[in-house]
Amino acid sequence: MENLSHAALIRRACSGSDEAFSRLVSDSQQAVRAFVRRLAVTADDADDLTQEAFVTAWSRIDRLREGISFRTFVCGIAYRKALNDRRRFNRQVTRETQWHALTPQTASSTVDSRLSVQAALAQLPLDQRATVSLCLAGDYSHSEAAEILGLPLGTVKSHIAKAREKLTALLGVRS
Amino acid sequence: MSEDALKALLQADASAQPPARDIGFVIAVMQKVERRRFLDNLAWWISGAAAVIAVMGVVMPYLAPAFITLGDALLPAVIILSVAGMVAVGVWYLRPALRDFGIRI
């Protein structure tokens, strides 16, 4: 099992080998967790979401197409879960905002010129944040990012360009 | 800021970087996989049992009288077959002893 390629591990996992699947999880967890941590609110939320994504990948591993890496497959699942989480979160925030509408709120400060990277990323829409996380913070190619996010290649490139522009402004560093 | 500088800044963000090897995380995933497998199997068995019960509920009112009639008709044959079976099993276990009497079966 030690020297098997990922393709062989995927074949074994498809035929029900838990050992092969746990090797795949072990080898790809860092990349998937790093991607999800840039999308989720907290690291704990991100790890829970990543674990759920791996469980879904286990139940759907027979749908993994040839030529697609395991981490790309899991990142795609994790991204869709993150999108659903975000929608739920937005609905909850809307309800809470309506509830607290009568209470005077202190206005949150506008974006500081020296925001942390995480805070700057949090200012981006989720699809732009995801493309940046994959292609700039991670080592994914544009086509892999398009596969993961289910977007056309041109849209991915446009997201990266827009996100780069916003991040440059938010992080307050002159070109 | 050049693209490479932005890239370096994003990649240097340690808070987003989990460890390369994390056995605790792998164990947590495999525990959830095992739980999912158990729930899948449970759902499968429950739905299978429910389907069998539903089919029996529909079919048995028609089949039960037929079984009773058939049972009455087959009773002598069942008795004969049971006795023959018991004799066959008895003879099978008595073979070593019968061999001493020169009877080979």
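Right, let's walk through the structure included here.

The next thing to look at is the side chain of A:Asp47. Along the polypeptide, A:Asp47 turns up in helix H3 (residues 43-59). Relative accessible area serves as the criterion here: at 13%, A:Asp47 is assigned to the buried category. In this structure the side chain of A:Asp47 is engaged in a polar contact, spanning 3.1 Å, whose partner is the side chain of A:Arg33. Ignoring anything within four residues of it in the chain, the contact list for A:Asp47 reads A:Arg33, A:Arg37 and B:Phe25.

A separate point is helix H2 (residues 23-100) of chain B. Relative to the 116 Å expected for 78 residues at 1.5 Å per residue, H2(B) spans just 67 Å between its end C-alpha atoms, considerably shorter than the ideal helical length. Its axis deflected by about 55° at B:Leu94, H2(B) carries its strongest bend there, up to four residues before the proline B:Pro96. By the burial criterion, the buried members of H2(B) are B:Phe25, B:Val26, B:Ala28, B:Val29, B:Met30, B:Lys32 and B:Val33. Tucked into the core, H2(B) has its buried residues touching helix H2 (18-37) and H3 of chain A. At the N-terminal end of H2(B), a side-chain oxygen is found 3.3 Å from the backbone nitrogen of B:Gly24, two or three residues along, and the residue is B:Asp22. Looking one or two residues beyond H2(B), the residue adopting positive phi is B:Gly102, at roughly 80°.

Our focus in this paragraph is the interface of chain A and chain B. With 37 residues of chain A at the contact, the number on the chain B side is 27 residues. Between chain A and chain B, the buried area comes to about 3,100 Å², and carbon and sulfur atoms account for 62% of it. For the chain A face of the interface with chain B, the top three residues by lost area are A:Gln51, A:Trp58 and A:Leu136, together amounting to 19%. On the surface where chain A and chain B come into contact, there are four salt bridges. Here chain A is connected to chain B by eleven residue pairs in polar contact (both at pLDDT 80 or more). Among the elements of the structure, H2, H3, helix H5 (117-122), helix H6 (126-137) and helix H8 (153-170) of chain A are those that each provide at least two residues to the side of chain A that touches chain B. Per element, the largest residue contribution to the side of chain A that touches chain B is eleven residues, and it comes from H2(A). Looking at the side of chain A that touches chain B, its residues break down into 15 nonpolar, twelve polar and ten charged.

Glancing now at a nonpolar patch on the surface. A contiguous nonpolar patch, built from B:Val55, B:Val58, B:Val59, B:Leu63, B:Phe67, B:Leu70, B:Leu74 and B:Val78 and spanning about 680 Å² of accessible area, is present on the exposed surface. Structurally, B:Phe67 can be placed in helix H2.

Once that is clear, we can look at the pattern of salt bridges. Within the structure shown, the criterion is met by twelve salt bridges over all chains. A salt bridge links B:Arg37 to A:Asp18; its shortest N-O distance comes to 2.4 Å. Placement of B:Arg37 in helix H2 and of A:Asp18 in helix H2 is noted, with the two residues assigned to different chains. Taking relative accessible area as the criterion, A:Asp18 reaches 26% and is therefore assigned partly exposed. Close ionic contact of B:Arg37 with B:Glu34 constitutes a salt bridge, the shortest N to O distance being 3.3 Å. Here B:Arg37 pairs with B:Glu34, and both are found in helix H2, just three residues apart, close to one helical turn. Judged by its relative accessible area of 41%, B:Glu34 is partly exposed.

The rules behind these values
- Residues numbered from 1 in each chain as written.
- Chains lettered and ligands numbered in written order.
- Predicted model: local features only at pLDDT ≥ 70, side-chain atom pairs only at ≥ 80, totals over all residues.
- Heavy atoms only, no water.
- Helix = DSSP H or I, 4+ residues; strand = E, 2+ residues; numbered from the N terminus.
- Buried < 20%, exposed > 50% of the residue type's maximum accessible area, 1.4 Å probe, protein only.
- Polar contact = N/O pair within 3.5 Å; in protein donor to acceptor, adjacent residues only side chain to side chain.
- Contact = heavy atoms within 4.5 Å.
- Expected span 1.5 Å × (residues − 1).
- Bend = angle between axes of the 7 residues up to and from the residue.
- Buried area = accessible area lost by both parts, 1.4 Å probe.
- Salt bridge = Lys/Arg side-chain N within 4 Å of Asp/Glu carboxyl O.
- Nonpolar A, V, L, I, M, F, W, Y, C, P; charged D, E, K, R; others polar.
- Patch = residues over 30% accessible without salt bridge, like charges linked within 9 Å, V, L, I, M, F, W, Y side chains within 5 Å.
- Areas by Shrake-Rupley, 256 points an atom, 1.4 Å probe, with all protein chains shown as cover.

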